[in-house]
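Structural description and commentary
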Amino acid sequence: MKHISTFAALLLAFAPAHAQNTIWFDEPCSSYRPVPWTRAKAPNYDGKTVASESMDFNDEWEYRSLPIGNGSIGANVMGSIATERLTLNEKTLWLGGPGIKGGPERYWNVNKEGWKALESVREALAKGDIEKADDILGSNCNAAADKDDVDDSYGSRFGHYTTLGELSVVTGLDENAISEYVRRLDIDNSIATVSFKSEGVSYERTYFASYPANMIAARFKAGKKQDLTIAYSCSDLAEGETVRTSDNAVCFRGHLKENGEEFAVRLKVKARGGKVIFEDGSLKVTGSKCVDIYLTADTDYKINYDPDKTDPKAYVGVDPSETTASWMASALRWKKLLKAHVKDYRSLYDRVSLKLEGPSNDIPTDERLAAYRNGTPDQGLEELYFQFGRYLLISSSRPGNMPANLQGIWLQTPSAPWGSDYHNNINIQMNYWPALMDNLAECTEPLTDYIKMLHKPGMETARAYWNARGWAASISTNIYGYAAPQNGENVCWNYNPVAASWLATHLWDYYDYTRDLSFLKDTAYPLIKECAEFCEDYLWKSPEGFLMANPSSSPEHGHADEGTTFTHAVVREILLDAIAAAETLDVDGESRGTWKSMLDGLYPYKIGRYGQLLEWSKDIDNPDDHHRHVNHLFGLHPGRTISPVTTPELAEACKVVLEHRGDESTGWSMGWKLNQWARLHDGDHAYVLYQTLLRQGTADNLWDIHPPFQIDGNFGGTAGVTEMLLQSQDGDINLLPSLPAAWPEGSVKGLRARGNFTVDIDWKDGRLTSATVTSGSGLPCTVRYGGETRTFDTVAGKSVTVTF
Ligand code: FUC
């Protein structure tokens, strides 16, 4: 893709032989599962059925494969014996978009003048006729056309993410005659390995995905000469041809049948001491003890911030044949490529370390998780899961490509649950919760680019559905600037006026953590300001004089309402961001005044009859409702308008909601509640959620399970652990705000706090022993521990150690 290689052969001290954080199995996956596109397609996932029971789905892939990736290309190592299979992905391989049959006119022609119906929805709501309000809103504020068009021959307008296919390596080994098998993902170094013995001969495979080289590399080593057949195959949604490009290299040039998106997969094989020939579309190796496979891939996709709505190729701008050829040509040899990969990866990963004193169980991860489910304490597993979220983010979100989608970058099937798209009512946001606080700011760049891409189409969404200035988006977006709602008539998921505003809060967060003023001025503020302007036009003044989000919904839950708590909370947050940004830049004094008075006039948080924070504008909450969404607690987390320190009564009301909702739920929901309990400063309950996420929402390879696999819960889990150890949303740096009794001793180094500070914390016997704050900004700093605070000046680049 658009990933620019600035590759340099940098030498480094190589990684330690025994990495601490590993996910491993002692059994191979089967070689004999058919590729998914030879079987039935995945049906729509309805949120209740476990996908594995009904869809074309490989539970081995989902539960036992090892993911590697560099943000653009990803692969899963199955580690099978007779035929090794690497499932492949490139993050911009997507169906849909203006290249579909019917062209850009058909693609873009989805907006309705929904705003014209808003008055009658408000009237119906005022009369208490919720059914009527739902009907009018649902049928007028949806899209004019189906995003899928499954009944005609045009193909999907919205499209979906799809697999890049598979690489198979036929080894000729007997699946049933192996011993000492280990398949391991070393997340401290981002290297996967497979080793085993067959008939007394040792076999060793190594895999990694290099960001600097945009390359997946695999080495097959054996104690005797091997014959291997190496072949790439695309899925049935694509077609193309493999051609030989040199003695030992091939290129597959293909395209997706429905929208013509072009892609290329290039392979080169080096067989030490052996021979490579090209036969029947495969590279056949004979007589080599060490075979290196280099694979790179790209699509013709190019991000477009201002698409020409008549151009079928508005998002085309790369020749994947050329980009892959240049990457392949500049690729270093194995040893240097590997060193440069580890150096690149560790330059991000090594910034944060976590040590939780306690037992650590070094058995295969599936057995380890089973033991943990049965109550065996394993602080090592808890550390591993935390770092795995950082590994997954580094592997699925690097500058130059799209953000991490619902499955990060990893998808085995042609179609995907929810299209593996970008869901804007929790999922994509959750993917990025750990990025800034866990010292991976660079990984947010794809999210920023993505938000920028939605802006122009989003302006039309704002006009069409709210007659508003600014910009808006809806529940799901794709890589082709789709910002409209979908055509479903269910308002609870399809009517979400503040999806864009929520996304834009991430831009303020980036500034707040980094204090990068030019980012604030050139990138963040213009987009935040337009969200605030959208709110100005969208909010409605009630007869009592309150500004209300009328109509609005509570994501995926309930009916249309005169002002849901979630929507108001996001409005509050984006207005606060807009005011802070404008003040920092010293611009737009008049708008600041407007936004401040909007904040004063906004319908307030309300506490209901059970002591709960209301979800809707009226006290209709059901204490037995265990719905997975907890969006009405947005102000507590990820927002900053509710906290036990600044608004203790509201925090108490959030606690009641969390108690009503219960702990057990889908993966991401447990991940979110973990963060919310941490924000309530209840470390023991946060820990219960962390354990429940690991026990009930986690596959054997530690992927989050909704079910099915959905990566957001991994990121929610990592963010939640961080929130237990450090918080900075209330204007100070709160040390160990939610330390559970289960972690009496430990240390964390390298966490980031708002204000551009880096923080190391040590604790013992459940109490802080010391904290070191390194200032990046030179700003004054206030550190909190329990009820006490210390305020001190800082110097950029210098550290201060505090004790309490
Ligand atoms: C939201 C959630 C679902 C699922 C989907 C991808 O709509 O409510 O549970 O995670 O996103």
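One structure accompanies this document, and this report is about it. (Residues numbered from 1 in each chain as written. Predicted model: local features only at pLDDT ≥ 70, side-chain atom pairs only at ≥ 80, totals over all residues. Heavy atoms only, no water.)

Here the focus is the overall build of the protein. Counting its regular elements, the protein contains 21 helices and 29 strands. Taken along its principal axes, the extent of the C-alpha atoms in the protein is 85 × 65 × 50 Å. Looking at the protein as a whole, 64% of its 804 residues qualify as buried. Considering only contacts within the protein whose residues lie at least 6 apart along the sequence, 69% involve residues at least 24 apart. (Helix = DSSP H or I, 4+ residues; strand = E, 2+ residues; numbered from the N terminus. Buried < 20%, exposed > 50% of the residue type's maximum accessible area, 1.4 Å probe, protein only. Contact = heavy atoms within 4.5 Å.)

Let us look at a negative patch on the surface. On the surface, D129, E131, D135 and E489 cluster together to form a negatively charged patch. With respect to the element layout, E131 can be found in helix α5 (residues 130-140). On the accessibility criterion, E131 (63% relative accessible area) is exposed. (Patch = residues over 30% accessible without salt bridge, like charges linked within 9 Å, V, L, I, M, F, W, Y side chains within 5 Å. Areas by Shrake-Rupley, 256 points an atom, 1.4 Å probe, with all protein chains shown as cover. Salt bridge = Lys/Arg side-chain N within 4 Å of Asp/Glu carboxyl O. Lys, Arg positive; Asp, Glu negative; His and termini not counted. Charge placed at Lys NZ, Arg CZ, Asp CG, Glu CD.)

What follows deals with the environment of K91. Mapped onto the elements of the fold, K91 is located in the loop between β4 (83-90) and α3 (103-108). A residue is classified by how much of its surface remains accessible, and K91, at 0% relative accessible area, is buried. As a C-alpha pair, K91 and T310 span 219 residues in sequence and 25 Å in three-dimensional space. Only 2.3 Å separates the side chain of K91 from the backbone oxygen of M402, close enough to count as a polar contact. One polar contact links the side chain of K91 to the main-chain carbonyl oxygen of P403, over a distance of 3.4 Å. (Polar contact = N/O pair within 3.5 Å; in protein donor to acceptor, adjacent residues only side chain to side chain.)

Note: strand β11 (residues 249-256) against strand β12 (residues 262-272), seven bridges, orientation antiparallel. If you follow A249 over to β12, its bridge partner there is K268. Between β11 and β12, which pair antiparallel one after the other, the connecting turn spans five residues, and G260 there sits at a positive phi close to 75°. Across ten bridges, the pairing between β12 and strand β14 (residues 282-299) is antiparallel. By the bridge assignment for β14, V269 is matched with I293. (Pairing = 2+ DSSP bridges.)

Quick look at the pairing of β4 now. Burial analysis of β4 places eight of its eight residues in the buried class, which makes it a mostly covered element. Of the two faces of β4, the one carrying T83, R85, T87 and N89 and the one carrying E84, L86, L88 and E90 are both buried. Where strand β3 (residues 73-77) meets β4, five bridges bridge the pair, whose relative direction is antiparallel. Residue N76 lies in a different strand from β4, and its bridge partner there is T87. Between β3 and β4, which pair antiparallel in sequence order, lie five residues; one of them, G79, sits at a positive phi of approximately 65°. For β4 and strand β5 (residues 165-170), the ladder comprises six bridges, and the chain directions are antiparallel. Bridged to R85 within β5 is S168.

With that settled, consider the state of the cysteines. According to the stated counting rule, one finds zero disulfides in the structure shown. C141 provides the cysteine sulfur closest to C492, a residue in no disulfide bond, and the two sulfurs are 15 Å apart. Among the residues examined, C492 registers a relative accessible area of 10% and is labelled buried. (Disulfide = S-S within 2.5 Å.)

With that settled, the discussion passes to the packing of helix α15 (residues 517-538) against helix α17 (residues 589-601). Where α15 contacts α17, the axes come no closer than 11 Å and their chain directions differ by 50°. In terms of their interaxial angle, α15 and α17 are classed as oblique. Every pair of crossing elements has a handedness; the one defined by α15 and α17 is left-handed. Contacts from Y525, K529, A532, C535 and E536 of α15 reach α17 at T594, W595 and M598. Its residues placed into classes, the contact of α15 with α17 shows five nonpolar, one polar and two charged. (Axes fitted to C-alpha atoms, helices over the stretch in contact; angles between N-to-C directions. Parallel < 35°, antiparallel > 145°, perpendicular 65-115°, else oblique. Left-handed = near helix turned anticlockwise from the far one by under 90°. Nonpolar A, V, L, I, M, F, W, Y, C, P; charged D, E, K, R; others polar.)

Attention now moves to the site of the ligand. With respect to spatial proximity, the complete set of residues near the ligand consists of L406, W418, H423, N425, N427, E556, R628, H629, W668, H706 and Q710. The separation between an oxygen atom of the ligand and a polar side-chain atom of N427 is 3.1 Å. A distance of 2.6 Å separates an oxygen atom of the ligand from a polar side-chain atom of H629. Protein contacts shield 98% of the accessible area of the ligand, which totals 290 Å² for the unbound molecule. In terms of residue class, the shell around the ligand is made up of three nonpolar, six polar and two charged. (Near = heavy atom within 4 Å.)

Right, let's get into helix α19 (residues 667-679). Between its first and last C-alpha, α19 extends 19 Å over 13 residues, near the 18 Å set by a 1.5 Å rise per residue. Burial of α19 is extensive: 13 of the 13 residues sit out of reach of the surface. Looking one or two residues past α19, H681 carries a phi angle of roughly 65°, positive in sign. (Expected span 1.5 Å × (residues − 1).)

This part is about the packing of aromatic side chains. All told, the structure shown has 41 aromatic pairs when counted by the stated rule. Look at F388 and Y391: their rings are 5.9 Å apart centre to centre, the planes differ by 10°, and that puts the pair in the stacked class. One end of the pair is F388 and the other is Y391, both in helix α9 (residues 379-396) and three residues apart, which spans about a single turn. Grouping residues by exposure puts F388 and Y391 together as buried. Taken together, a centroid distance of 5.3 Å and an interplanar angle of 90° make the contact between W466 and F534 edge-to-face. One end of the pair, W466, is in helix α12 (residues 445-466); the other, F534, is in helix α15, with 68 residues separating them in the sequence. Exposure remark for W466: the relative accessible area of 8% places this residue in the buried category. Every member of this aromatic cluster is reached through a ring pair, and the members are W94, Y107, W108, F158, Y301, Y315, Y422, Y450, Y480 and Y482. Of note, R184 hangs over the ring of W24, and the distance from its end group to the ring centre comes to 5.2 Å. Taking the ring centre of Y211 as reference, the NZ or CZ of R398 above it sits at 3.9 Å. (Phe/Tyr/Trp six-rings, centres within 6.5 Å; stacked < 30°, edge-to-face > 60°. Lys NZ or Arg CZ within 6 Å of the ring centre and 35° of its normal.)

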